[in-house]
Amino acid sequence: MSSTEVAWQSVGSSVSMLEPPDLDARDVRMSLGGDPDSFERLVRRHQAAIGRLMWRFARNAADQDELTQEVFVTAWTALRTWRGTGSFERWLRRIAVRVGYAYWRRRGKDAARLEFAETVDELVDQGAALVDRERHAADDAAREAGELVHRLLARLSDRDRLVLTLLHLEGLSVAEIGEATGWSQSLVKVQAHRARARLKKLMEAES
Amino acid sequence: MSTSGDRLEVFDRLAELACRENPPLPDVVARVRQRVMVRCLREPLLPRWAFGLTGALGLVACTCGWIGWQAWSLAADPLGGWLLSTVVS
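Parameters at a glance
Residues numbered from 1 in each chain as written. Chains lettered and ligands numbered in written order. Predicted model: local features only at pLDDT ≥ 70, side-chain atom pairs only at ≥ 80, totals over all residues. Contact = placed C-beta atoms within 7 Å. Helix = DSSP H or I, 4+ residues; strand = E, 2+ residues; numbered from the N terminus. Nonpolar A, V, L, I, M, F, W, Y, C, P; charged D, E, K, R; others polar. Core = buried A, V, L, I, M, F, W, Y, C linked by C-beta atoms within 7 Å. Buried ≥ 20, exposed ≤ 12 C-beta atoms within 10 Å, placed from the backbone. Domains from an automatic or database assignment. Axes fitted to C-alpha atoms, helices over the stretch in contact; angles between N-to-C directions. Parallel < 35°, antiparallel > 145°, perpendicular 65-115°, else oblique. Left-handed = near helix turned anticlockwise from the far one by under 90°. pLDDT = per-residue confidence, 0-100.

### Points about the interface of chain A and chain B
One frequent convention defines the size of an interface as the accessible area lost when the parts assemble. On the side of chain B, 29 residues touch chain A, which itself brings 43 residues to the contact. Only helix 3 (36-58), helix 4 (61-77), helix 7 (120-132), helix 8 (138-153), helix 9 (158-169) and helix 11 (185-205) of chain A provide two or more residues apiece to the side of chain A that touches chain B. The residue inventory of the side of chain A that touches chain B, partitioned by class, reads 23 nonpolar, eleven polar and nine charged.

Encoded structure:
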């Protein structure tokens, strides 16, 4: 069940005529007016989507939880800056990308390298074997693939890692990535192209 | 196992598979509420500019008071006021 559906059911019949974006706008207004329950409803409605995105950055439940909290606390402090014209979920996603990116920068690339001791070669071989393997349950295969991709991308710079994560794992369009990162669409395209080239080079260098 | 040419293709297929991953979903409602409440308590009652204004007015008041005191002491005892007596002399 998606977060939107959960929200749809949880808000009760009195507001059932409102579409989710309208619910967001109403809850933001009420929250700015000093009603703490309305911000709680916003968190409840969007925490699944934000939690999913934060998993791409953290890949461990403790950090994912912490980052998700950070996104909502940041959103709360900046609530007045949401203009109400765009989608609240996209506004949250923009904050989430900044929080996730800052997390990567705090941890540093070297920490990620030390954490993952295996070579790119080993990762690619594991990945190729996984893709070919049929005996895995779909969920297990997806989780393992997510882990391998995460370990591969940890070898790239934070910018390359970010654009490839949003493009390939989150499935965002160039326009959506531009909106989430604050980059122009042409910069997103150039960054994605260069990131793929660097990934290819990295994978070939260790073969 | 895989040649260098198809390595990027392996990445693409892995990424495609990883898209279907169901990560654990956090429940942060209670913690966010707690952190927001702590922020509310820490938030000052006056806006930041009010602190600057109060400070500036305080400084002006102190300066005026000190000048007044010097003027009064000069009037009472022409040799007593330290700065003004120095300036006048």
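### Focus on the nonpolar core
By size, the foremost hydrophobic cluster in this structure holds 55 residues, and its most contacted members are Ala145(A), Val149(A) and Leu14(B). By residue number, the principal contributor to this core is helix 3 of chain A, which donates nine residues. When residues of this core are sorted by domain, at least three fall in each of domain 1 (1-107) and domain 2 (109-207) of chain A. Once residues lying within four places of it in the same chain are set aside, the contact partners of Leu14(B) are Gly127(A), Val131(A), Ala145(A), Leu148(A) and Val149(A).

### What about the packing of helix 3 of chain A against helix 2 (residues 29-42) of chain B?
Where helix 3 of chain A meets helix 2 of chain B, the closest approach of the two axes is 10 Å, and the angle between their N-to-C directions is 140 degrees. On the basis of their axis angle, the class for helix 3 of chain A and helix 2 of chain B is oblique. You can see that helix 3 of chain A and helix 2 of chain B cross each other, and the crossing is right-handed. Together, Pro36(A), Phe39(A), Glu40(A), Val43(A), Arg44(A) and Gln47(A) of helix 3 of chain A and Val29(B), Val32(B), Arg33(B) and Val36(B) of helix 2 of chain B make up the contact between the two elements. Residues of the contact of helix 3 of chain A with helix 2 of chain B, tallied by class, amount to six nonpolar, one polar and three charged.

### Here we look at the environment of Arg33(B)
With respect to the helices and strands, Arg33(B) occurs in helix 2. Overall, Arg33(B) belongs to the partly exposed group, with 17 C-beta atoms counted inside 10 Å. Residues contacting Arg33(B), with those up to four places away along its chain left out, are Pro36(A) and Glu40(A).

### So, the domain arrangement of chain A
Residues and elements named next belong to chain A. Assigned domains within chain A: domain 1 (1-107) and domain 2 (109-207). Taken together, the eleven residues of domain 1 in the interface contact 13 residues of domain 2. Elements represented by at least two residues in the side of domain 1 that touches domain 2 include exactly helix 3 and helix 5 (88-107). The dominant element in the side of domain 1 that touches domain 2, judged by the number of residues it contributes, is helix 5, at eight residues.

### Here's the deal with the confidence of the model for chain A
Here chain A averages 83 in pLDDT, and 82% of its residues register 70 or above. Taken together, the stretch residues 1-16 of chain A has pLDDT below 50 and engages in 16 contacts with residues farther than four places along the chain or on a different chain.

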